[in-house]
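Letter by letter, the chains look like this.
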2 protein chains.
Amino acid sequence: MMKQYKYPPISEWKSLCERPLQNQENLESQVKEVFSEVKDNGDKALKFFTEKFDKVSIQDLKVSESEINEAEKLVSEELKSAIKIASENIKKFHNSQQEEKNIIETTEGVFCWRESRAIENIGIYIPGGTAPLFSTVLMLGIPATIAGCQNVALCSPPDKNGKINPAILFTADLIGIKNIFKIGGSQAIAALTFGTETIPKVDKIFGPGNQYVTSAKQLAQNYGVAIDIPAGPSEVLVIADETSTPEFVAIDLLSQAEHGTDSQVILLSNSEKIINEINIEIKKQITDLPRKEIAEIALQNSKSILLNSINEAIEFSNYYAPEHLILAIKNAENFTDKIKNAGSVFLGNYSPESAGDYASGTNHTLPTNGFAKNYSGVSLESFVKKITFQNITKKGIQNIGKTIELMAEAEELMAHKNAVSVRLKYLENES
Amino acid sequence: MMKQYKYPPISEWKSLCERPLQNQENLESQVKEVFSEVKDNGDKALKFFTEKFDKVSIQDLKVSESEINEAEKLVSEELKSAIKIASENIKKFHNSQQEEKNIIETTEGVFCWRESRAIENIGIYIPGGTAPLFSTVLMLGIPATIAGCQNVALCSPPDKNGKINPAILFTADLIGIKNIFKIGGSQAIAALTFGTETIPKVDKIFGPGNQYVTSAKQLAQNYGVAIDIPAGPSEVLVIADETSTPEFVAIDLLSQAEHGTDSQVILLSNSEKIINEINIEIKKQITDLPRKEIAEIALQNSKSILLNSINEAIEFSNYYAPEHLILAIKNAENFTDKIKNAGSVFLGNYSPESAGDYASGTNHTLPTNGFAKNYSGVSLESFVKKITFQNITKKGIQNIGKTIELMAEAEELMAHKNAVSVRLKYLENES
C-alpha cells in the first residue's frame with residue numbers, strides 16, 4: 001500500500017518529492033563500449049550485440065516489405081480501426097501547433113520573423129518486451145510527418161523469433177515510416193548516432209527505453225545528436241477532493257502503478273475520508289490486474305498525502321513537478337492558472353490519464369523525474385528548428401545604424417561597427 | 001587569407017564543412033573537480049577558485065545596490081540610449097513569440113490545448129574579458145522577463161579590481177535583474193547547478209563562455225539542469241553574387257573573423273570576379289581593425305568557395321548549417337524557402353550580421369558548430385515549458401472510450417483499459 005502522510009510541514013516537502021534513485025554510473029562503461037564497437041564495425045557489431053543481448057541471430061536488420069504486409073494480416077480489424085481513430089486525434093492536435101509566419105517591423109524598415117524547418121533526419125526508438133508500444137509510434141511518428149522530416153528511421157529490438165511485433169509494424173506503415181530496423185538497446189542508439197551500412201545517422205533521437213537506452217541517449221549528445229527529453233520512470237500525481245469518485249481515482253493510480261516497479265504514484269487530498277475510500281478501492285481493483293505484482297511494488301514507493309486545502313495541494317504538485325497531473329476536483333478548470341510545473345494535465349472526472357496515453361490527441365512523451373520544471377513534453381516543435389530571418393531596408397539601417405555602432409564600439413568590436421558604418425556612408429553618398 | 005576552392009565536387013563537401021576540432025576531454029577532469037568542491041563547500045569554494053583563476057579576492061559575491069548605482073554613472077548617456085533602443089526592438093520581437101491558448105476539440109467532447117509557463121529559476125552567464133558583453137544581457141534577460149521567470153541570477157567574472165563592467169550592470173538593472181554575482185568560469189556554472197549560501201540553484205542555464213564554461217554546462221545537465229544550446233565557436237556563411245557590394249561583404253566577413261581566432265568564415269559565390277573583389281576589400285579593411293591579429297588567424301581557417309549557381313550555394317549552406325547566413329544576392333527573399341539549416345538569416349545588402357547581434361530584435365544566441373541542423377536559437381520558448389491540458393466530457397469519454405480500451409488491451413496494460421471501463425460503466429448506470 002501507499003505510504004500515508006498527514007499535513008507534512010513545507011520543510012518536509014523536498015524529501016517527499018524525491019524520486020527513487022536511478023543508478024546510471026555502472027551502465028556508462030558498457031554503453032561506451034557498445035558505442036565504440038558500433039562506430040568501428042557498423043552492422044557487424046549490431047548483429048553481434050543482438051545475438052548477445054537479444055539472443056537471436058539477425059540476417060537482415062531492415063524489416064522487409066513482405067514482413068510489413070504479413071504484419072497487416074496479423075492485427076485485428078478492431079485494433080486497426082482504433083489505431084486509426086487515435087491517429088486522427090493526434091494529427092488534429094499536433095497540426096494545430098503549426099506556427100504561422102508573423103513578420104514584425106521592430107523599427108521602421110527593420111523586418112524580423114521566424115520560419116520553422118523540419119529536422120531532416122529523425123530516429124525513433126520503440127522498446128521491445130512483452131507489450132508492443134505501438135502507441136509511441138503514433139506519438140513520435142505523427143508529429144515527425146507533420147513537420148516534414150525527410151528521413152525517419154525506427155528501431156525496435158527483435159523478439160526471440162527475429163520479429164518485430166505486428167502492431168508496431170502496422171502503425172509505422174500507417175504513418176508512412178518505411179525504414180524500420182530490428183535493433184534495440186544501446187546498440188540501436190549507437191547506430192543512429194554514427195550510422196552504419198544499413199542504418200542512417202540521424203540529427204535527433206526520440207523515444208523511451210530502459211536504463212541502457214537512456215544512458216546511450218545521453219552519450220549520443222556528446223556526438224552532436226539531439227534527444228527529445230531526459231528520461232526517468234513514469235509518474236502520476238492525483239489531486240482529489242470530497243467530490244471525486246474513489247473508484248475512478250483508484251484505477252487512475254493503478255494504471256500508473258502497473259507501468260513498472262519504479263513507477264511513482266502520488267495522491268494528494270484535503271479530505272481524509274476520500275483518501276481512505278480510494279485506498280479501499282485500490283485494494284479491490286488491484287486483485288484482477290494481470291500486472292498486480294508490479295503495481296503492488298510500485299505502490300510501496302508511492303504516497304498519499306493529506307493537506308489543508310486544494311491550493312496547498314497544487315503548491316505541492318508544482319514543487320513535485322509531475323509528468324501527469326490529474327485534477328479530480330470540483331471546478332478543476334478554475335485551478336489551471338495555478339499550475340506551474342507539470343507535463344500533461346487531466347481535468348475532472350472523465351479525463352483519465354489513459355486518454356492522453358492513447359487517443360485524446362495530446363502527446364504522451366512527457367518530462368518525468370521533476371524535469372517538468374524545465375522541459376516541455378514532445379510536440380510538433382520537437383521536430384523543427386525555428387530559423388530567424390531579417391530583412392532591413394536602406395531606411396531601416398539608417399534608423400538603427402547609430403544604435404548598432406555605439407553598442408559594437410562599447411563591446412570593442414570595430415568590424416561589427418564598420419559593417420554598419422560602410423553602409424551608412426554608402427547611402428549618404430548615394431543620396 | 002581565406003583558402004580558395006573552385007567547384008568542389010559534392011564528395012568533398014563533408015570535409016569542407018568540418019569545423020576546427022574542439023579539444024574538450026582534457027578540461028573534463030578539472031571541471032569535475034570544481035563541481036565537487038562547489039557542491040561540498042559552497043561560497044568558500046567559489047572564493048577560492050576566484051582567487052585562483054581570476055586572481056582577485058572577493059568578499060561579497062553579490063553585487064551591491066551601490067555598485068549598480070555607481071555603474072549607472074559610468075555609462076555614457078549615448079550608450080544608455082542605444083541600449084534602450086535595442087532593448088525595445090528585442091522586446092517587440094520576443095513579445096510576438098507569445099502563444100495564444102488554442103483549444104482543439106479533437107473529437108466531440110474531447111478538448112485539448114497547451115499553456116506556456118515560465119521556467120521559474122534561470123541562470124544567465126555573461127563572460128568577462130576585455131569587452132563587456134552587455135548585448136547578451138539583453139538577449140537572455142529580455143525573453144526571461146517576458147516569459148515571467150521568477151528568479152533570474154546573473155553571473156559574470158570580476159575583473160582584477162573585483163568589479164563587473166558598468167555596462168553589464170546598467171543593462172541588467174534596466175531589464176530588472178536584481179541578483180548579479182561576481183563569479184565566472186566553471187565555478188559559476190557549478191554554483192548555479194547546486195546552489196550555494198549566496199547563489200541560488202537554477203532550473204536552466206543560458207549564456208556563452210569559454211571551453212571551461214561550455215564543458216561545465218554540459219556537466220550541469222547530468223544534475224538535472226537544462227541548458228540553452230550546446231556551444232561552439234561563432235561562424236558566418238555569406239552567399240554573394242555579382243550584384244553584391246564587395247565592400248559590405250568584406251566587412252561582414254571581418255566582423256565574424258574578429259570574434260576569435262577559432263571563428264569560421266565561409267564565402268560562397270557563383271562569381272569568381274566578386275570573390276576576388278571581396279578578397280581585395282578584406283585586405284584593405286582589415287588594416288585598421290584593432291583586432292586585426294585575431295581576424296587574420298581566423299581567416300586562415302576560413303574558406304571562399306566558387307560554385308556553379310546560387311542554388312548550389314544554398315545547398316552547400318544547408319549542408320554546412322551555419323549559425324549566421326547572409327544572403328547578399330539579388331532577390332534574396334526568393335530563396336528563403338530553400339534554406340533548411342541555419343541559425344539566423346540576413347537578407348540583402350542592408351542586413352549586416354551586426355544588426356542581429358545588437359539591435360534589430362532577433363536573438364543572437366544561436367546554434368553553432370552544425371547544431372543548426374537540430375537546434376533552434378534562443379527565443380521566448382527557451383524560457384517556458386508548454387504544458388498540455390485536456391478536459392474530456394462524459395460524451396467525450398463515451399466517444400473515444402472504446403478506442404482507448406482496445407489499444408490499452410493490445411499493449412497489455414489492463415488498468416489503463418479499466419480506467420476507461422469503470423467510467424463507461426458508471427455512465428451507463430447513470431443513464
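All values derive from a computational prediction rather than experimental measurement.

Considering the sheet that holds strand β6 (residues 179-182) of chain A
The strands making up a sheet are joined through hydrogen bonds of the backbone, oriented either antiparallel or parallel. Residue and element names in this part refer to chain A. Strand order in the open sheet formed by 5 strands is β6-β5-β4-β7-β8, and the pairing between neighbours is parallel. The strands lining the two open edges of the sheet, one partner per strand, are β6 and β8 (226-227). Sitting on the sheet, helix α8 (residues 211-221) touches β4 (121-125), β7 (204-206) and β8, and the angle it makes with β7 is about 165°.

A look at the layout of surface pockets
For the second largest pocket, the calculated volume is near 430 Å³. Lining the second largest pocket are 20 residues, with Q98, E99 and E100 of chain A together with E99 and E100 of chain B sitting closest to its centre. Listed by contribution, the elements that provide at least two residues to the lining of the second largest pocket are β3 (110-118) of chain A together with β3 (110-118) of chain B. Its residues assigned to classes, the lining of the second largest pocket comprises 4 nonpolar, 8 polar and 8 charged.

Thoughts on the relation of the copies chain B and chain A
Look at the two chain copies: a rotation about an axis and a shift along it is all it takes to match them. For these two chains of identical sequence, chain B goes onto chain A by a turn of 180° and a shift of 0.0 Å along the axis, with RMSD 0.0 Å. The two molecules are tied by a two-fold rotation axis, judged by turn and shift. No C-alpha of chain B approaches the rotation axis more nearly than that of E99 of chain B, which lies at 4.6 Å. Take the interface residues of chain B: 100% of them recur as interface residues in chain A, which is what a same-surface contact looks like.

Observations regarding the UniProt feature "active site" (unreviewed entry) in chain A
Residue and element names in this part refer to chain A. Following the UniProt record, the feature "active site" (unreviewed entry) maps to E323 and H324 here. For E323, a relative accessible area of 5% translates into the label buried. Polar side-chain contacts of E323 include one of 2.9 Å to the backbone nitrogen of E235. If you trace the backbone, H324 turns up in strand β12 (residues 324-328).

Thoughts on the interface of chain B and chain A
At the junction of the two partners, chain B supplies 119 residues and chain A supplies 120 residues. Counting every contact that joins chain B to chain A gives 6 salt bridges. The residue K386 of chain B makes a salt bridge to E381 of chain A at a minimum N-O spacing of 3.2 Å. Our enumeration of links across chain B and chain A arrives at 68 residue pairs in polar contact (both at pLDDT 80 or more). Here the residues of the side of chain B that touches chain A are counted per class, giving 55 nonpolar, 38 polar and 26 charged. Direction of pairing for strand β14 (residues 384-392) of chain A relative to strand β13 (residues 344-347) of chain B: parallel, over a ladder of 4 bridges. Paired with Q390 of chain A across the strands is F346 of chain B, a residue of β13 of chain B.

Here's the deal with the sheet that holds β14 of chain A
The sheet built from 9 strands is open, its strands ordered β2(A)-β3(A)-β14(A)-β13(B)-β12(B)-β9(B)-β10(B)-β11(B)-β1(B) with mixed pairing. Each edge of the open sheet is held by one strand with a lone partner, namely β2 (104-107) of chain A together with β1 (3-6) of chain B. Pairs of neighbouring strands in the sheet enclose a mean axial angle of 20°, with direction left out of account. Of the strands in this sheet, β2, β3 and β14 of chain A touch helix α14 (residues 394-410) of chain A, which is tilted by about 90° from β14 of chain A.

Remarks on empty space enclosed by the protein
Tallied over the full model, the rule gives 5 cavities of 30 Å³ or more. Roughly 80 Å³ of volume is contained in the largest cavity. Taken together, 13 residues make up the lining of the largest cavity; nearest its centre are R114 and T388 of chain A together with G377, V378 and S379 of chain B. Counting residues per element, the ones that place at least two in the lining of the largest cavity are β14 of chain A together with α4 (77-95) of chain B. Among the residues making up the lining of the largest cavity, the classes are represented as 3 nonpolar, 8 polar and 2 charged. By volume, the second largest cavity amounts to about 60 Å³. Lining of the second largest cavity is provided by Q4, Y5, K6, E272, I275, N276, S304 and L306 of chain A. Within the residue set of the lining of the second largest cavity, elements represented by two or more residues are β1 (3-6), α10 (272-286) and β11 (303-306) of chain A. For the lining of the second largest cavity, the residue count by class is 3 nonpolar, 3 polar and 2 charged.

As for the domain arrangement of chain A
Under the domain assignment used here, chain A contains domain 1 (25-101 + 118-227), domain 2 (232-376) and domain 3 (393-430). Between the C-alpha centres of domain 1 of chain A and domain 3 of chain A the distance comes to 50 Å.

Describing the packing of aromatic side chains
Applying the stated rule across the entire model yields 24 aromatic pairs over all chains. Measuring from centroid to centroid gives 5.1 Å for F248 of chain A and Y426 of chain B, while their planes differ by 75°, and the two rings are edge-to-face. Here F248 of chain A is found in helix α9 (residues 246-257), whereas its partner Y426 of chain B is found in helix α15 (residues 414-430) on a different chain. Classification of F248 of chain A as buried rests on a relative accessible area of 1%.

Remarks on helix α15 (residues 414-430) of chain A
Compared with the 24 Å implied by 1.5 Å per residue over 17 residues, the 24 Å span of α15 of chain A between its first and last C-alpha is a close match. Lining the buried residues of α15 of chain A we find α14 of chain A together with α9 (246-257), α10 (272-286) and α13 (353-358) of chain B.

Details of the side chain of R19 of chain A
All names here are of chain A. Its location among the elements puts R19 in the loop between α1 (13-16) and α2 (25-53). Polar side-chain contacts of R19 include one of 3.0 Å to the backbone oxygen of C17. A distance of 2.8 Å separates a polar atom in the side chain of R19 from the backbone oxygen of Y320. Ignoring any residue separated from it by four or fewer positions in sequence, one finds R19 in contact with E235, Q264, Y320, A321, P322, N369 and G370.

About the cut-offs
- Residues numbered from 1 in each chain as written.
- Chains lettered and ligands numbered in written order.
- Predicted model: local features only at pLDDT ≥ 70, side-chain atom pairs only at ≥ 80, totals over all residues.
- Heavy atoms only, no water.
- Pairing = 2+ DSSP bridges.
- Helix = DSSP H or I, 4+ residues; strand = E, 2+ residues; numbered from the N terminus.
- Contact = heavy atoms within 4.5 Å.
- Axes fitted to C-alpha atoms, helices over the stretch in contact; angles between N-to-C directions.
- 1 Å grid on protein atoms, 1.4 Å probe; cavity = no way out; pocket = protein on both sides within 12 Å on 5 of 7 lines; lining within 4 Å.
- Points joined across faces, edges and corners; volume = space filled by probe spheres on them.
- Nonpolar A, V, L, I, M, F, W, Y, C, P; charged D, E, K, R; others polar.
- Least-squares fit on C-alpha atoms with pLDDT ≥ 70 in both.
- UniProt positions renumbered as here; feature names shortened; annotations may be inferred.
- Buried < 20%, exposed > 50% of the residue type's maximum accessible area, 1.4 Å probe, protein only.
- Polar contact = N/O pair within 3.5 Å; in protein donor to acceptor, adjacent residues only side chain to side chain.
- Salt bridge = Lys/Arg side-chain N within 4 Å of Asp/Glu carboxyl O.
- Domains from an automatic or database assignment.
- Phe/Tyr/Trp six-rings, centres within 6.5 Å; stacked < 30°, edge-to-face > 60°.
- Expected span 1.5 Å × (residues − 1).

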